[in-house]
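Chain and residue survey
If you want the building blocks of each chain, they are given just below.
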Amino acid sequence: MAASRRLGAGMLLRPLLGFDREELERYARSHGLSWVEDPSNASDDYDRNYLRNRVLPGIVQRWPSAVETITRSAAHLAEADGLLGELAQNDLISTGARNEYIGMQLPSLAVAALAELSEPRQRNALRHWLAPLARLPDSAHWAGWQDLRDAREDAEPIWRLADGELRRAHGRLWWLASPWLGFVPTNQTWHDPSQSLSLPSNGSLRFEGTPPNGPLEIRHRQGGEVMVLPGRGRRDLKRLLNEAAIPAFLRARLPLLWRADELLGVALLPDLRVESGQGWTLRWTPPTNDSGLS
């Protein structure tokens, strides 16, 4: 149990951890203080109470200094854990860890820089990186990290965890939380382009400048889309997204602006527009709660 830790916007402090119950009761009685007794403290249904009420008294009877020894060992472990945390922070800085990508909350870090560390330091850095994002895997499940790290460069490996997935793309390790993975694309008619358009589970869209003539519709990738770009002719959307280095897992969420059978523009990529010198820009505000950041 830590003497202090973050709790919401503040700190949780436990300044009396260094005193045992007998010391605290003796102080309270000598100063005429009253206290509230948690009735659950007497129940042995909880493991911590069973240890306190049944196991520790027998240990102390046999080894009177056991509590002091356990407390000292716990302090040493807490200090070691703090040092591991500092090491992890330094290692994550070296891996270029970041929480944002093109305005989206997508935590990622560089795989090659992480792989240069020793195996224990890799796991230590990943534990601290994943801690605010997901429940941590057990020891046996860490083989998933090795498989992802060592996969071929052109592969698209996935390491599935309880609250999402880790994927590798463009030399980085990306965290995709379960809400991200549950996105279902839907087509929507944009009846009033002068107003922003809310996208189910996918943020919102708006135009800057004068919108193009309609009727307009927002769709998502199905495969085989083509754009006709000024000075470049007909180009496959897949190739254009490759050129823009958009990770494959993100492409299904990109809103596409259509007018009938003509693809007019792509969210996040303002240069991909079919009309040169047009007076509009498509702006996408992605969802802010899909990354799992607490």
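Residues numbered from 1 in each chain as written. Predicted model: local features only at pLDDT ≥ 70, side-chain atom pairs only at ≥ 80, totals over all residues. Heavy atoms only, no water.

Across its full length, the protein chain holds nine helices and 17 strands. Taking 294 residues into account, the globule formula puts the C-alpha radius of gyration at 19 Å, and the protein chain, at 28 Å, lies well above it. By principal-axis analysis of the C-alpha atoms, the protein chain measures approximately 85 × 45 × 30 Å. Per-residue burial for the protein chain yields a buried fraction of 34% across its 294 residues. (Helix = DSSP H or I, 4+ residues; strand = E, 2+ residues; numbered from the N terminus. Rg over C-alpha atoms; globule rule 2.2 N^0.38 Å. Buried < 20%, exposed > 50% of the residue type's maximum accessible area, 1.4 Å probe, protein only.)

Among the nonpolar cores identified, the biggest contains 36 residues, and Trp-190, Leu-250 and Leu-257 are the most heavily contacted of them. Leave out the neighbours within four places in its chain, and Leu-250 touches Tyr-101, Met-104, Trp-180 and Leu-268. Among the nonpolar cores identified, the runner-up in size contains 20 residues, and Leu-126, Trp-142, Trp-159 and Leu-173 belong to it. (Core = buried A, V, L, I, M, F, W, Y, C linked by side-chain atoms within 4.5 Å. Contact = heavy atoms within 4.5 Å.)

To continue, consider the pattern of salt bridges. This model, assessed by the stated rule, comprises 18 salt bridges. In this structure, the salt-bridge partner of Asp-44 is Arg-54, at a minimum N-O distance of 2.8 Å. Linking Asp-44 in the loop between helix 1 (21-30) and helix 2 (47-62) with Arg-54 in helix 2, this pair joins segments that are 10 residues apart in sequence. For Asp-44, a relative accessible area of 24% translates into the label partly exposed. A residue is classified by how much of its surface remains accessible, and Arg-54, at 54% relative accessible area, is exposed. Arg-152 is the salt-bridge partner of Asp-154, the closest N and O atoms lying 3.0 Å from each other. Of the two residues, Asp-154 and Arg-152, both sit in the exposed class. Several salt bridges converge on common partners, so that one network encompasses Arg-21, Glu-25, Arg-29 and Glu-37. (Salt bridge = Lys/Arg side-chain N within 4 Å of Asp/Glu carboxyl O.)

Moving on to the sheet that holds strand 7 (residues 172-177). Pairing in this open sheet of five strands is antiparallel, and the strands run 3-4-7-6-5 from one edge to the other. The sheet terminates laterally at strand 3 (98-101) and strand 5 (158-161), the two strands that pair on one side only. If you compare each strand with its neighbour and ignore which way they point, the axes differ by 35° on average. Pairing geometry for strand 6 (residues 164-169) and strand 7, over six bridges, is antiparallel. (Pairing = 2+ DSSP bridges. Axes fitted to C-alpha atoms, helices over the stretch in contact; angles between N-to-C directions.)

Now for helix 6 (residues 143-150). Among the residues making up helix 6, those that are buried are Gly-144, Trp-145, Leu-148 and Arg-149. For helix 6, the arc enclosing every buried residue in end-on projection is 130°, short of the 170-degree limit, so these residues lie on one face. Opposite the buried face of helix 6, at more than 90 degrees from it, the exposed residues are Asp-147 and Asp-150. Considering only its buried residues, helix 6 is in contact with helix 4 (111-115), helix 5 (119-130), strand 5, strand 6 and strand 7. (Arc of directions from axis to C-beta.)

With 29 residues, helix 3 (residues 66-94) extends 42 Å from end C-alpha to end C-alpha; this agrees with the ideal 42 Å at 1.5 Å per step. Among all positions of helix 3, only Ala-66, Gly-85, Ala-88, Asp-91 and Leu-92 are buried. Against the buried residues of helix 3 lie helix 2, strand 4 (104-110) and helix 5. Just downstream of helix 3, Gly-96 is the residue with a positive phi angle, here 65°. (Expected span 1.5 Å × (residues − 1).)

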